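Single-letter residue listing:
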Amino acid sequence: MTTTTFAVLVPLLPFLGAAAGLLLGRTAPGFVRPLAVLPTLTSLVLAVLVAARQGGGRAIDSATELTPTGSVPIELALHIDGFAALVAILVGVVASCVQIYSTGYLRDDPRYPSYAALISLFTSAMLLVVYSGDLIVLLVGWEVMGICSYFLVGHYWETPEARAASIKAFLVTKLGDVPFLIGLIALGTDAGSFRITKVLGTVASGGLHHPTLIALLLLAGVAGKSAQFPLHTWLPDAMAGPTPVSALIHAATMVAAGVYFIARLLPVFEASSAAMVVLAVMAAVTMAGSALAALAQDDIKRVLAYSTIGQLGYMTGALAVGERDAAVFHLLSHGAFKALLFLAAGVIIHAAGTNSLAAMSRMKDLRARVPDAYWTMTVALLALAAIPPFAGFFSKESVLGAAEHVATGHTEHAPGAAGWIVLVFGLVTALLTAAYATRLWLLAFRGHGAEAPDHGRQPLVMNAVLWVLALPSLAFGLTYRVLPDWFDGSDLTPTLTTSVLGTGLALVGGLVTYGAWRHTTALAARVPPPLSASLEQGHPHGAVAAHPEADAGLVEAEAIASHAPAYGDVAYAPDPADPARLLLGPLHRHAAVGFHLDAVYDALFVRPVLAGASLVRFLDREVVETYVRGAGALPRLLGAAVRRAQTGNVQTYVSALLAGTVVLVVAALLVATGA
């Protein structure tokens, strides 16, 4: 079989698995798990074969016209270069791990067939985005992912948190997709084609007429899909979905799609210095703001969600300084350790019966209940904090090194201001990242108090997947020497200055957080658990699941539903043992709610829209319907008048006829005599 055939099968197989899973989910439930896992695994194998044949050399291009449009054609096109080949492997690895993990995590979930089918469809859509050589076909995969996220985030639709989160994710991403679509159409019109190769050729020849406008329109879509400021608010709330869904969204699909899209079309953005500076500012605000918010979260998954937003900020920062090699390098390494973090968090939530770090900090020896999750999450958190020699160190330092080169004027393909912005905020975020990673580890695994509940050992498949992902989280960074052969050839070797600064700041962040934790833990030992009176009696550790013996999915759903009643807010818990309260001081309560951005958007957009809708409803009911009712009233009155004449009495009819005849005769005589 040809490489092109293999490439076509890579996104096609998960799609066929999704279709078969939906059709057979009720009639033949025994086939659901094989149909979920095997097509995805086969797709991964084929993606590896495609990458081996591509070998980082000349891009594989193939196209056939989908339909004549009369103007700009739309083509079913493949464009597989080194970037696409490796990102497709990442998608396949993470999706396969998520499907295997889910067979244990949701083993008793009655909606598992539809869940597994949607995961497969999600995977297929992302692979379509990765391999597509036509922007309109890429848009199809882009939008299918949005639909899948809506259903998957709302999987626990019985809980109001999941319903609200799914709607919010859909609406916020669609808000970015509208200008994104306009930008794609403008780009294709300027280039005369939607083929990526032809678009890049047009940019290289200076044929793009409105580069700044097009780049900014496309950035709006990327900000929504990749959860960048100011359209990032949907991602933390999306943690109301199952943990494997969070792993897939954060590590290899959806949010990664925006970064990958800019990397694919980076010359379009480089054609506008203004767009590059805007991208740098967006990355800087996203990095620092999300790191501060992560430091204040109580829900373990919301910590990881804000972490993802910040790490995506590093990637967009690398793109803002024109270094897509570093951006995709960090995308690949982040995909491994972030998938591991989320899947390990799922194991911890199942074991603890809660998603609350405040509750976990009151449990002793939780790490002994989940040794696999403990060791693998430790590896992943070290990678997240960019501690050498873990994967995150090499990929994050490649971003900081690229920013340093631009800031110091060694390269001219990006504005110097963009380099300084990314470098300064990237270093600050390195300190904050180490701080919240240390805090999560300490609160989850070094708690004090009563013994952690024993919910039994997690299914083997869940723990096995953790060790599979721990390998790239530990060693993938060492590939920095060979990756340039697959990419544009940029040197990804860590530079001395940024390595020393970045690692030093990370160590400072970790040590300061550890010192603060020692202080607050000593104080908290004299304070009772921070719970509402209604829950203190029944759940001494906090928002603990009501059915700890159930499968992990049900435990998580119950933990999410019980968190707000226990602590008053989904993102907050007044825990005196939390070192973040000491580190952030008065900023803590603002960071815990995402600096009130949701409240700002509610005041600026939601309330005006609702008020406008109420006004329209009033005008429709009281004005428009008044005219409609009036238009119907006149014929009704005329009909009533005529109806009175219809008495059914023949003498009346004859009398009226004679009277009418007399009137007509008199009128005729008057006309004839000229009177």
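The rules behind each value
- Residues numbered from 1 in each chain as written.
- Predicted model: local features only at pLDDT ≥ 70, side-chain atom pairs only at ≥ 80, totals over all residues.
- Heavy atoms only, no water.
- Helix = DSSP H or I, 4+ residues; strand = E, 2+ residues; numbered from the N terminus.
- Buried < 20%, exposed > 50% of the residue type's maximum accessible area, 1.4 Å probe, protein only.
- Areas by Shrake-Rupley, 256 points an atom, 1.4 Å probe, with all protein chains shown as cover.
- Lys, Arg positive; Asp, Glu negative; His and termini not counted.
- Charge placed at Lys NZ, Arg CZ, Asp CG, Glu CD.
- Contact = heavy atoms within 4.5 Å.
- Polar contact = N/O pair within 3.5 Å; in protein donor to acceptor, adjacent residues only side chain to side chain.
- Core = buried A, V, L, I, M, F, W, Y, C linked by side-chain atoms within 4.5 Å.
- Patch = residues over 30% accessible without salt bridge, like charges linked within 9 Å, V, L, I, M, F, W, Y side chains within 5 Å.
- Salt bridge = Lys/Arg side-chain N within 4 Å of Asp/Glu carboxyl O.
- pLDDT = per-residue confidence, 0-100.
- Pairing = 2+ DSSP bridges.
- Phe/Tyr/Trp six-rings, centres within 6.5 Å; stacked < 30°, edge-to-face > 60°.
- Lys NZ or Arg CZ within 6 Å of the ring centre and 35° of its normal.
- Expected span 1.5 Å × (residues − 1).
- Axes fitted to C-alpha atoms, helices over the stretch in contact; angles between N-to-C directions.
- Parallel < 35°, antiparallel > 145°, perpendicular 65-115°, else oblique.
- Nonpolar A, V, L, I, M, F, W, Y, C, P; charged D, E, K, R; others polar.

1. Here's the deal with the overall build of the chain
Here's step 1: The number of helices and strands found in the chain is 29 helices and four strands.
Here's step 2: Dimensions along the principal axes, computed over C-alpha positions, put the chain at roughly 120 × 70 × 55 Å.
Here's step 3: Burial analysis of the chain (675 residues in total) assigns 56% to the buried set.
Here's step 4: When the accessible area of the chain is evaluated, it comes to approximately 26600 Å², of which 70% is carbon and sulfur surface.
Here's step 5: Each charge class in the chain was averaged separately, 37 positive and 41 negative side chains, and the resulting centres sit 6 Å apart.

2. What to know about the environment of W234
Here's step 1: Position of W234 relative to the elements: it lies in helix α9 (residues 234–237).
Here's step 2: Distance in space between the C-alpha atoms of W234 and H209 is 34 Å, their sequence separation being 25 residues.
Here's step 3: Those residues in contact with W234 that sit more than four places away from it in its chain are K168, A169, V172, T173, G224, K225, A227, I249, M254 and V255.
Here's step 4: Within the structure, W234 has its side chain in polar contact with the backbone oxygen of L231 (distance 3.4 Å).

3. Overview of the nonpolar core
Here's step 1: Counting 192 residues, the largest nonpolar core has Y131, W234, F261 and F269 as its most contacted members.
Here's step 2: For this core, the element with the most residues is helix α15 (residues 324–352), which contributes 19 residues.
Here's step 3: Not counting residues within four places of it along the chain, the set of residues in contact with Y131 comprises A7, V10, P11, A47, V50, A77, L78, H79, I80, A84 and A88.

4. Description of a nonpolar patch on the surface
Here's step 1: On the surface, a cluster of nonpolar side chains totalling about 700 Å² of accessible area is made up of L615, F618, L619, V623, V624, Y627 and V628.
Here's step 2: Along the chain, V628 turns up in helix α28 (residues 597–645).
Here's step 3: Overall, the relative accessible area of 55% leaves V628 in the exposed class.

5. Describing the confidence of the model for the chain
Here's step 1: Of all residues in the chain, 92% have pLDDT values of 70 or greater, and the mean over the chain is 88.
Here's step 2: Averaged pLDDT values for the elements of the chain fall to 37 in helix α24 (residues 533–536) and rise to 96 in helix α18 (residues 371–384).
Here's step 3: Note on residues 530–543: pLDDT is under 50 here. Beyond four places in sequence and across chains, it has 35 contacts.

6. Overview of the pairing of strand β1 (residues 60–67)
Here's step 1: In terms of strand pairing, β1 meets strand β2 (residues 74–80) through seven bridges, oriented antiparallel. Paired with D61 across the bridge in β2 is H79.
Here's step 2: Here β1 folds back onto β2, and the loop between the two strands holds six residues, one of which, G70, carries a positive phi near 85°.

7. As for the packing of aromatic side chains
Here's step 1: Evaluation of the coordinates by the stated rule reveals 16 aromatic pairs.
Here's step 2: Between the aromatic rings of F180 and F261, the centroid separation amounts to 5.0 Å while the plane-to-plane angle is 65°, which identifies the pairing as edge-to-face. You can see F180 sitting in helix α6 (residues 160–191) and its partner F261 sitting in helix α11 (residues 255–264), a full 81 residues away along the chain. Note on accessibility: F180 and F261 belong to one class, buried.
Here's step 3: The structure contains a cluster of three or more aromatic residues connected by ring pairs, namely Y374, W375, W441 and F445.
Here's step 4: The ring of Y112 carries the charged tip of R33 above its face, separated from the ring centre by 4.4 Å.

8. Quick word on the pattern of salt bridges
Here's step 1: The tally for this structure, following the rule as stated, stands at 13 salt bridges.
Here's step 2: R111 is the salt-bridge partner of E158, the closest N and O atoms lying 3.0 Å from each other. Here E158, found in the loop between α5 (135–153) and α6, pairs with R111, found in the loop between α3 (82–105) and α4 (112–131); they are 47 residues apart in sequence, far enough to count as distant.
Here's step 3: On the basis of relative accessible area, R111 is assigned to the partly exposed category, the value being 23%.
Here's step 4: Among the ionic pairs, R607 bridges to D602, the shortest N-O distance being 2.9 Å.
Here's step 5: Given a relative accessible area of 54%, R607 falls into the exposed group.

9. Focus on α4
Here's step 1: A rise of 1.5 Å per residue sets the reference length of α4, with its 20 residues, at 28 Å; its end C-alpha atoms lie 29 Å apart and thus fit the reference within 8%.
Here's step 2: Among the 20 residues in α4, 17 count as buried, and that is most of the element.

10. Re the packing of helix α1 (residues 3–24) against helix α2 (residues 32–54)
Here's step 1: At their nearest, the axes of α1 and α2 sit 8 Å apart, and the two run at 170° to each other. Considering their axes alone, α1 and α2 lie roughly antiparallel with respect to each other. Across from T3, F6, A7, L9, V10, L13, P14, G17, A20, G21 and L24 in α1, the residues of α2 making contact are V32, L35, P39, T42, S43, L46, A47, L49, V50 and R53.
Here's step 2: Classifying every residue of the contact of α1 with α2 gives 15 nonpolar, five polar and one charged.

11. Details of the packing of α5 against α6
Here's step 1: Packing of α5 against α6 leaves a shortest axis separation of 8 Å and a crossing angle of 170°. When the axes of α5 and α6 are compared, the pair comes out roughly antiparallel. The segment α5 lies against α6, with L135, L139, W142, E143, G146, Y150 and V153 engaging A162, A165, S166, I167, F170, K174, D177, F180, L181, L184 and L187.
Here's step 2: Its residues assigned to classes, the contact of α5 with α6 shows 13 nonpolar, two polar and three charged.

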